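Close look at the chain arrangement
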Amino acid sequence: MMSINPFSVLAETISPAAIQFFVLAMIALIIIGTIVQMIHHKNVTYFFNNAKKAKLAAERELGAGEKTSIILKTVAHDIATTAELGAGKRRVAHVMGMYGTILFWVASVVMVFCYTAQGTTTPTVWPIIWHVGAIMTCVGGYWFWLFLRVDVLAEAHPWYRIIKADLFVLALLACATTGLAWSYFQSSGSAGLGYLFLILFITSNIVLFGGVYWSKFAHMFYKPGAAIQKNLAEADGSRDNLPPLADAPKQFGLGIKREQPKHY
Ligand code: HEM
């Protein structure tokens, strides 16, 4: 299973052009969903207005070299390792899910566009990347969903209580899970179950990509932008219009570190 490209097997019954059209339609849904969300929620307008205001409050102008270095450092640290989540399980689960999803998507695009035509052989590395990516997404995502989610960890709601905000993580998990099940049953020769999970895989992809407007999907675009803006604002002294740090010893006691956040 791990070394078989499930899309090339599928291309024996469905035309490769139809599979490729589906992938392009999903990409179009991401773009449309994100743009409509930006217009409707006005988050980008807020972001740019805030950046403009912060620029006026800047204490010094950053040179192009300094800006580039800050952006590169932000990409390598804040974005690539989702530093915002601090040290701990939450960050490990997110990093696993994030890289798993990236591997899953990149391998899907490569296998669908380069290795579904008749007579082409998929290099073993691509199906392996696809399956490993889906498994990593499941490990990180289920760990987050079952144990780390604020509603479950801090609010003591049962893991099966579902709200609209869960659309993204659940659709992502449905894609990875049904994708793996589809590949498993396809390679083990269970045609009926293979087709059942293929339909579920297609449906979860439509929900994931069609639901961008309503879900947290676009945080993967907004978060990097916000991290870069925050670090630039710190370097030019504007600090996002926040007051400077007090020149006094930090004596706040344990604060939020006093106990685990379980207030129920
Ligand atoms: C392919 C890229 C990414 C994927 C698949 C992904 C996936 C996820 C998922 C499934 C969640 C849980 C959503 C929920 O609260 O229900 C989440 C939350 C979050 N993500 Fe991402 N993410 C990606 C990129 C990023 C990036 C680039 C950043 C930051 C630079 C980021 C920062 C966060 C933060 C801060 C949370 C909130 C975590 C929490 O509530 O514990 N993510 N992400």
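Cut-offs used in this document
Residues numbered from 1 in each chain as written. Predicted model: local features only at pLDDT ≥ 70, side-chain atom pairs only at ≥ 80, totals over all residues. Helix = DSSP H or I, 4+ residues; strand = E, 2+ residues; numbered from the N terminus. Expected span 1.5 Å × (residues − 1). Near = placed C-beta within 6 Å. Nonpolar A, V, L, I, M, F, W, Y, C, P; charged D, E, K, R; others polar. pLDDT = per-residue confidence, 0-100. Axes fitted to C-alpha atoms, helices over the stretch in contact; angles between N-to-C directions. Parallel < 35°, antiparallel > 145°, perpendicular 65-115°, else oblique. Contact = placed C-beta atoms within 7 Å.

Per an unreviewed UniProt entry, the protein chain carries the name Adenylylsulfate reductase membrane anchor and comes from Pelagibacter ubique.

1. A look at helix α2 (residues 16-41)
Every α-helix winds through 3.6 residues per turn, so residues three or four apart in the chain are directed the same way. Look at α2: 37 Å from first C-alpha to last across 26 residues, which is about the 38 Å you get at 1.5 Å a residue. Among the residues trailing α2, K42 stands out with phi positive, at a value near 55 degrees.

2. Observations concerning the site of the ligand
The environment of the ligand is made up of 24 residues, and the closest members are M98, T101, V169, M220 and K223. The set of elements that each furnish at least two residues to the shell around the ligand consists of α4 (64-79), α5 (89-114), α6 (125-148), α8 (167-187) and α10 (219-235). The element that contributes the greatest number of residues to the shell around the ligand is α5, accounting for 6 residues. Here the shell around the ligand is composed, by residue class, of 12 nonpolar, 6 polar and 6 charged.

3. A short note on the confidence of the model for the protein chain
On average, residues of the protein chain score 92 in pLDDT, and 98% of them reach the 70 mark or higher. Of all helices and strands in the protein chain, the one with the weakest mean pLDDT is helix α3 (residues 43-56) (82), whereas α8 scores best (98).

4. Focus: unusual backbone geometry
In the Ramachandran plot, K42 falls in the positive-phi region, its phi being about 55 degrees despite a non-glycine side chain. Summarising the element assignment, K42 is placed in the loop between α2 and α3. Positive phi values are uncommon outside glycine, yet A156 reaches one of about 60 degrees.

5. Details of the packing of α2 against helix α9 (residues 191-210)
Where α2 contacts α9, the two axes come as close as 8 Å, and the packing angle between them is 25 degrees. Regarding the angle of α2 to α9, the classification is roughly parallel. Together, M26, L29 and I30 of α2 and N205, F209 and G210 of α9 make up the contact between the two elements.

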